[in-house]
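Chain residues, written in single-letter form:
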Amino acid sequence: MMFELTEEQKMVRDAARDFAQTELKPGVIDRDENQLFPAEQIKKLGELGFLGMMVDPQYNGSGLDTVSYVLVMEELSKIDASASVVVSVNNSLVCYGLQTYGTAEQKEKYLKPLAAGEVIGAFCLSEPEAGSDASSQHTTAEDKGDHYLLNGTKNWITNGSSASVYLVIAQTHPERGSKGINVLIVEKDMPGFTIGPKENKMGIRGSDTHSLHFDNVIVPKENRIGDDGFGFKFAMKTLEGGRIGIAAQALGIASGAYELALQYAKERIAFGKPIASLQAISFKLADMAMEIEAARLLCLKAAWLKDQGQPYTEAASMAKLKASEVAMKVTVDAVQIHGGYGYVKEYHVERLMRDAKITQIYEGTSEIQRLVIAREILK
């Protein structure tokens, strides 16, 4: 088995690390405190090709592999998970869905500007009554012949007000259940489409999270992705790849907290010596390092399987479950190692701890991941 990255993968990782340190770190505390969307930083990420990493170059993408994507997500998430989640959604959900299932016309019109970072996208599945139960869509897309009439509400939408292109999952044939669901491409300026207030969140506060409302929005038939009734399958297939991105985000949050804790433990003097020399602290750091490496290997395995065209459902769920639990545990321990300073914003770890929690919730809760894993191993 080969555990060595290619030279290209190392270069991509290093570019992301440099960007995180020079562009994301300055101002990250202020953006978190004031819930400021990192618009300038996202624009630069697009210019560097990080918003269409796995998209074919013919559609303005970077043509990179999923392993490179995981490396980038980890480095960005060490510093600013609010920025990295934009990269995750645009790559794993929006661009992937359009490239894999969109028509040539849809790719030309929507995928190209998304992959180039000229605009960003949003993936609209969750509803007030349909979070984990994705088949219970109350948003409706009534077939009117040459168009759909879209009505309903979507909740917890990342890039809610900053996106220009929205992939909306809606029910067209209620009598068919999950087989009656469609996915429609909605543009921001379509009449009847409104955006609710920004959510005041515990973590990833710079992320642009809103409810979306559709009131008799006319969506042309050519904006449907796939055949009639393909929407639920589209959502499930797309979310599989999305879990790899969120796993990498959780990994990055954990890695960032660990690096800060390790540095602090080496510098903080207590009882005449660095606290890293105290067994209680050194053992905690050892456990943190071990758990992060286990999560990293799961993330890379899932990404590698996807790149090889092999089934990766089980691996993606394992990576997402493990990495999110590691992120929560490691960030709490990092705050503890910092002591009172860990409770202060300028030391960053309290923000990472708050950011970590969402990785256990979105793209399927920990309980959902266990259901997916159990289903796969019991086949």
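Residues numbered from 1 in each chain as written. Predicted model: local features only at pLDDT ≥ 70, side-chain atom pairs only at ≥ 80, totals over all residues. Heavy atoms only, no water.

Undergrad: Give me the lowdown on a nonpolar patch on the surface, citing residues and values where you can.
TA: Together, M1, F3 and L297 give the surface a local cluster of nonpolar side chains, amounting to about 430 Å² of exposed area. As for its position among the elements, M1 is in the segment before helix 1 (7-24). Judged by its relative accessible area of 90%, M1 falls in the exposed class. (Patch = residues over 30% accessible without salt bridge, like charges linked within 9 Å, V, L, I, M, F, W, Y side chains within 5 Å. Areas by Shrake-Rupley, 256 points an atom, 1.4 Å probe, with all protein chains shown as cover. Salt bridge = Lys/Arg side-chain N within 4 Å of Asp/Glu carboxyl O. Helix = DSSP H or I, 4+ residues; strand = E, 2+ residues; numbered from the N terminus. Buried < 20%, exposed > 50% of the residue type's maximum accessible area, 1.4 Å probe, protein only.)

Undergrad: Give me the lowdown on the packing of helix 1 against helix 4 (residues 66-79), citing residues and values where you can.
TA: Put simply, helix 1 and helix 4 touch, their axes get as near as 8 Å, and they point 20° apart. As summarised for this structure, helix 1 and helix 4 are arranged roughly parallel, according to the angle between their axes. In this structure, helix 1 meets helix 4 at a crossing whose hand is right-handed. In contact with Q9, V12, R13, A16, R17, F19, A20, Q21 and L24 of helix 1, helix 4 contributes V67, S68, L71, V72, E75, L76, K78 and I79. (Axes fitted to C-alpha atoms, helices over the stretch in contact; angles between N-to-C directions. Parallel < 35°, antiparallel > 145°, perpendicular 65-115°, else oblique. Left-handed = near helix turned anticlockwise from the far one by under 90°. Contact = heavy atoms within 4.5 Å.)

Undergrad: Lay out helix 3 (residues 39-47) in plain terms, naming residues and giving numbers.
TA: If you check which residues of helix 3 are buried, you get Q41, I42, L45 and G46. For helix 3, the angular spread of buried residues about the axis comes to 145°, placing them on one side. Exposed residues lying more than 90 degrees from the buried face of helix 3 are E40, K43 and E47. For helix 3, the elements touching its buried residues are helix 1, helix 2 (28-34), helix 4 and helix 5 (81-101). (Arc of directions from axis to C-beta.)

Undergrad: Got a sec to walk through the nonpolar core? Specific residues and values, please.
TA: Counting 112 residues, the largest nonpolar core has L76, L150, Y166, V186 and I337 as the members making the most contacts within it. Per element, the largest residue contribution to this core is 16 residues, and it comes from helix 7 (residues 231-267). (Core = buried A, V, L, I, M, F, W, Y, C linked by side-chain atoms within 4.5 Å.)

Undergrad: Residue-level account of the packing of aromatic side chains, with values.
TA: Under the definition given, this model contains nine aromatic pairs. The interplanar angle of 65° and the centroid separation of 6.3 Å between the aromatic rings of F230 and F234 together place this pair among those described as edge-to-face. Each of the two residues, F230 as well as F234, counts as buried. Measuring from ring centre to ring centre gives 5.1 Å for Y341 and Y347, while their planes differ by 45°; the resulting arrangement is tilted. (Phe/Tyr/Trp six-rings, centres within 6.5 Å; stacked < 30°, edge-to-face > 60°.)

Undergrad: Quick rundown of the pairing of strand 1 (residues 121-124)? Include the residues and the values.
TA: The alternating pattern of strand 1 places G121 and F123 and A122 and C124 on opposite faces, both of which are buried. Across four bridges, the pairing between strand 1 and strand 4 (residues 165-171) is parallel. Among the inter-strand pairings, A122 is bridged to a residue of strand 4, identified as Y166. (Pairing = 2+ DSSP bridges.)

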